[in-house]
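# Chain and residue survey
Read off the chains here:
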Amino acid sequence: MTSLWWAAAALMAPAAPAAEAPSLAAWHGSWAGKGEAFGKPATATLDIAPGVGEATTLAYRLRIAGTPPIAYSAEATYAFDTKGRVRGKWTDSYGGTRAVVGGVNAAKWWTHWGSADVEIGRSTYVLEADGRLVVSDSILQDDGSWRIFAMLRYARTNR
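Residues numbered from 1 in each chain as written. Predicted model: local features only at pLDDT ≥ 70, side-chain atom pairs only at ≥ 80, totals over all residues. Heavy atoms only, no water.

### Some remarks on the overall build of the protein chain
Secondary structure assignment for the protein chain yields one helix and 10 strands. Starting at the N terminus, the α and β elements of the protein chain follow one another as α-β-β-β-β-β-β-β-β-β-β. In the protein chain, buried positions account for 31% of the 159 residues. Carbon and sulfur atoms form 60% of the exposed surface of the protein chain, whose accessible area is close to 9,900 Å². (Helix = DSSP H or I, 4+ residues; strand = E, 2+ residues; numbered from the N terminus. Buried < 20%, exposed > 50% of the residue type's maximum accessible area, 1.4 Å probe, protein only. Areas by Shrake-Rupley, 256 points an atom, 1.4 Å probe, with all protein chains shown as cover.)

Written out as structure tokens, the structure reads:
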């Protein structure tokens, strides 16, 4: 009889809440930023939006001051795999394509990109309490440290 009672109790117990699927929705929107890239003043825009299925797309435009000024752009697509990791592809205006892997937690989204035969980099996208977005890009050094080559602070231009 006791085993029947436990079986009935298990059937009547409320189900554990389902874990929320990871999402990049908090970053969706249009952003304009200022900061520094390669040691020079820079401005940039980011358009982060829902893509096909559960994917997120990113369009990046960077302008670095100087003579002549440098313009760089890239398009990327990110999606979560079955383990909740970010996976994607980044294609830039110089013809480069990089596989991207990373993750997200609370207010931080990060990606690692590149390969040991060329360069390994990481990008972090941190949402600050005031609603701003800070993006930093780094390259892995031979000694295992990371050297930041670009850091910009963005404000939303719309949502």
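### A word on the nonpolar core
Across soluble globular proteins, nonpolar side chains show a tendency to be buried alongside one another. Leu-58, Tyr-60, Tyr-78 and Trp-90 are the most contacted members of the largest nonpolar core, which has 30 residues in total. Apart from residues lying up to four places away in sequence, Tyr-60 is in contact with Ala-44, Thr-45, Leu-46, Tyr-72, Ser-73, Ala-74, Trp-90, Asp-137 and Tyr-154. (Core = buried A, V, L, I, M, F, W, Y, C linked by side-chain atoms within 4.5 Å. Contact = heavy atoms within 4.5 Å.)

### What to know about the pairing of strand β9 (residues 133–140)
Two faces belong to every sheet, and in a regular strand the side chains alternate between them. Within β9, seven of the eight residues are buried, which leaves the element mostly enclosed by the surrounding structure. Bridge analysis of strand β8 (residues 119–127) against β9 gives seven bridges, and the strand direction is antiparallel. Along β9, the bridge assignment pairs Val-126 with Val-134. The hairpin turn running from β8 into β9, its antiparallel successor, is five residues long, and Gly-131 in that turn takes a positive phi close to 90°. Two elements, β9 and strand β10 (residues 146–158), share eight bridges in a ladder whose sense is antiparallel. By the bridge assignment, Val-135 is partnered in β10 with Leu-152. Between β9 and β10, which pair antiparallel one after the other, the connecting turn spans five residues, and Gly-144 there sits at a positive phi close to 90°. (Pairing = 2+ DSSP bridges.)

### Points about the sheet that holds strand β4 (residues 70–80)
Sheet architecture is closed into a barrel: 10 strands sit in the order β1-β2-β3-β4-β5-β6-β7-β8-β9-β10, paired in antiparallel fashion. Across this sheet, the average inter-strand angle for adjacent strands is 25°, counted without regard to direction. Sheet topology note: the strand β1 (residues 29–37)/strand β2 (residues 40–50) ladder contains nine bridges and is antiparallel. Bridging from a neighbouring strand, Gly-29 pairs with Ile-48 of β2. (Axes fitted to C-alpha atoms, helices over the stretch in contact; angles between N-to-C directions.)

### Some remarks on the environment of Asn-158
Mapped onto the elements of the fold, Asn-158 is located in strand β10. Take Asn-158: its relative accessible area is 44%, and that puts it in the partly exposed class. Put simply, Asn-158 and His-28 are 130 residues apart on the chain and 9.5 Å apart in space, counted from C-alpha to C-alpha. Leaving out residues up to four positions away in the same chain, Asn-158 has contacts with Gly-29 and Ser-30. In this structure the side chain of Asn-158 is engaged in a polar contact, spanning 3.1 Å, whose partner is the side chain of Ser-30. (Polar contact = N/O pair within 3.5 Å; in protein donor to acceptor, adjacent residues only side chain to side chain.)

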